[in-house]
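Given next are the chains, with one letter for each unit.
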Amino acid sequence: MNKFISVHDVPDIPGMVQKALAYKAAPLKDKTLGQNKRIGLLFLNPSMRTRLSTQVAAQNLGMECIVFNAGQDGWALEFEEEAIMSGNTVEHVKDAAPILGKYFDILCIRTFPSLKNRDDDYSELYINQFIKYAGIPVVSLESATLHPLQSLTDIITITENYTAQRRPKIVLTWAPHVKPLPQCVANSFSQWVNAWGQADFVITHPEDYELHPDFTKGATITHNQDEALKDADFVYVKNWSTFNDYGRIYCNDPSWMLNNEKLRLTNNAKVMHCLPVRRNVELSDEILDGPNSIVTQEAANRVWAAQAVLSEILKGI
Ligand code: CP
């Protein structure tokens, strides 16, 4: 593996899940694999779980890890080709990225969408420019439209929590929020569950909250949340902003928030969320503090997903 940007970089999802679970059972079993290798984590926006879990994963593999809050402490980067840099940007990515490629063996980047121009965001210019100019393997720590380390974690967590012989029913449900949020987590979860192919997958959201069909193709999509929740084994809760009239909030109907009454429609479903979560807006206290929530286990599994991915990349460098 020479990059990790989306599910398309993973030829064997169940194999990757098993690799991650093996690291969970024995975190230091490959503690010298990354010896004398250095990894850089660049953040253009905030993070807790992604930043810390990737650091822990890198250290478990014996790598030296350097974190740079580029969005806060670095020069403002320009990403457009042939830009006339007379505005606020100070350094072009085609100058910065090759230098990072000399400092590090693996470069991990968290970028973000503008939520202003859909075509720009979905072109993934930021992360693609780093891939183009860094000259070393690039790992997405969340990009403008996808969050692959989160999604691998989610498949790992579902695998751990499901023991029945039949296919699980997984429901991705939209939830209310006070701010327009990216579509990354929902896109990425959809992409991975569809590619994994081992579940009946239903997506439910209010009208106007469609996701990009490239990611949802294969799922059943409905605006009826109660219908969707029926007999679900897993409910993945996430807010996202509108896709067609891009980056807006059209609905904030609190009845879309999952609570114990709605949970009774399910097959005693496990409830997931990538975190951070706005309590009693996106998800109720009674769910988050109740026995069906697996959000802490899910977040803890971020380490093993990152470790599995980094070890695959280390094998090739
Ligand atoms: N889920 C997730 O990516 O969390 P952070 O934003 O804290 O990294």
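On a predicted model such as this, the values are computed, not experimentally measured, just so you know.

Thresholds, definitions, all that
- Residues numbered from 1 in each chain as written.
- Predicted model: local features only at pLDDT ≥ 70, side-chain atom pairs only at ≥ 80, totals over all residues.
- Heavy atoms only, no water.
- Near = heavy atom within 4 Å.
- Polar contact = N/O pair within 3.5 Å; in protein donor to acceptor, adjacent residues only side chain to side chain.
- Areas by Shrake-Rupley, 256 points an atom, 1.4 Å probe, with all protein chains shown as cover.
- Core = buried A, V, L, I, M, F, W, Y, C linked by side-chain atoms within 4.5 Å.
- Buried < 20%, exposed > 50% of the residue type's maximum accessible area, 1.4 Å probe, protein only.
- Helix = DSSP H or I, 4+ residues; strand = E, 2+ residues; numbered from the N terminus.
- Domains from an automatic or database assignment.
- Contact = heavy atoms within 4.5 Å.
- Salt bridge = Lys/Arg side-chain N within 4 Å of Asp/Glu carboxyl O.
- Buried area = accessible area lost by both parts, 1.4 Å probe.

Novice: When you look at the site of the ligand in this model, what are you seeing that I'm missing?
Specialist: Taken together, Ser 47, Met 48, Arg 49, Thr 50, Arg 110, His 147, Gln 150, Cys 274, Leu 275 and Arg 302 make up the full set of residues near the ligand. Between the ligand and Met 48, the relevant distance is 2.7 Å, taken from an oxygen atom to a main-chain nitrogen or oxygen of the residue. Here a nitrogen atom of the ligand and a side-chain polar atom of Gln 150 are 3.0 Å apart. Look at the ligand: alone it shows 260 Å² of surface, and the protein chains cover 93% of it.

Novice: Even after reading the chapter, I still don't get the nonpolar core, so can you show me in this structure?
Specialist: One broad rule of soluble globular proteins: the nonpolar side chains tend to lie buried together. Judged by nonpolar contacts, the single largest core of 59 residues is most densely connected at Ile 39, Ile 106, Ile 170 and Leu 172. Looking at this core, the element that brings in the most residues is helix α14 (residues 302-315), giving nine residues. Residue-level mapping places this core at the junction of two domains, with at least three residues from each of domain 1 (3-146 + 300-315) and domain 2 (162-293). Beyond its immediate sequence surroundings of up to four residues, Leu 172 is in contact with Ala 186, Phe 189, Ser 190, Phe 201, Val 202, Ile 203, Thr 204, Leu 211, Tyr 236, Lys 238 and Trp 240. Ranked by size, the runner-up nonpolar core spans 19 residues in total, among them Leu 100, Tyr 133, Ile 136 and Val 138.

Novice: When you look at the pattern of salt bridges in this model, what are you seeing that I'm missing?
Specialist: Close approach of charged atoms allows side chains of opposite charge to pair. For the coordinates displayed, the defined rule picks out 15 salt bridges. The salt bridge partner of Asp 233 is Arg 166, with a shortest N-O separation of 2.9 Å. Note that Asp 233 is positioned in the loop between α10 (225-229) and β11 (234-238) and Arg 166 in the loop between α7 (148-161) and β8 (169-174), a separation of 67 residues in sequence. Given the relative accessible area of 44%, Arg 166 is considered partly exposed. We note a salt bridge from Arg 279 to Asp 289, for which the minimum N-O separation is 3.0 Å. On the criterion of sequence distance, the pair formed by Arg 279 in the loop between β12 (270-272) and α12 (285-288) and Asp 289 in the loop between α12 and α13 (295-300) is long-range, its members being 10 residues apart. For Asp 289, a relative accessible area of 55% puts it in the exposed group. Overlapping salt bridges, with partners in common, bring together Lys 19, Glu 312 and Lys 315 in one network.

Novice: Help me understand the domain arrangement of the protein chain, please; the structure alone is not making it clear to me.
Specialist: Buried accessible area, meaning the area lost when the parts come together, often serves as the stated size of an interface. You can read the domains of the protein chain as domain 1 (3-146 + 300-315) and domain 2 (162-293). Averaged C-alpha coordinates put domain 1 and domain 2 at centres separated by 26 Å. Counting from both sides, the interface comprises 20 residues of domain 1 and, opposite them, 22 residues of domain 2. When domain 1 packs against domain 2, the two sides together hide about 1,700 Å² of surface, and 67% of this comes from carbon and sulfur. For domain 1, the biggest contributors to the area lost against domain 2 are Leu 115, Arg 118 and Tyr 122; these three give 39% of the whole. Viewed at the interface, domain 2 and domain 1 are joined by zero salt bridges. Seen at the junction of domain 1 and domain 2, the total is seven residue pairs in polar contact (both at pLDDT 80 or more). Contributing elements (two or more residues each) for the side of domain 1 that touches domain 2: α1 (13-25) and α5 (118-122).

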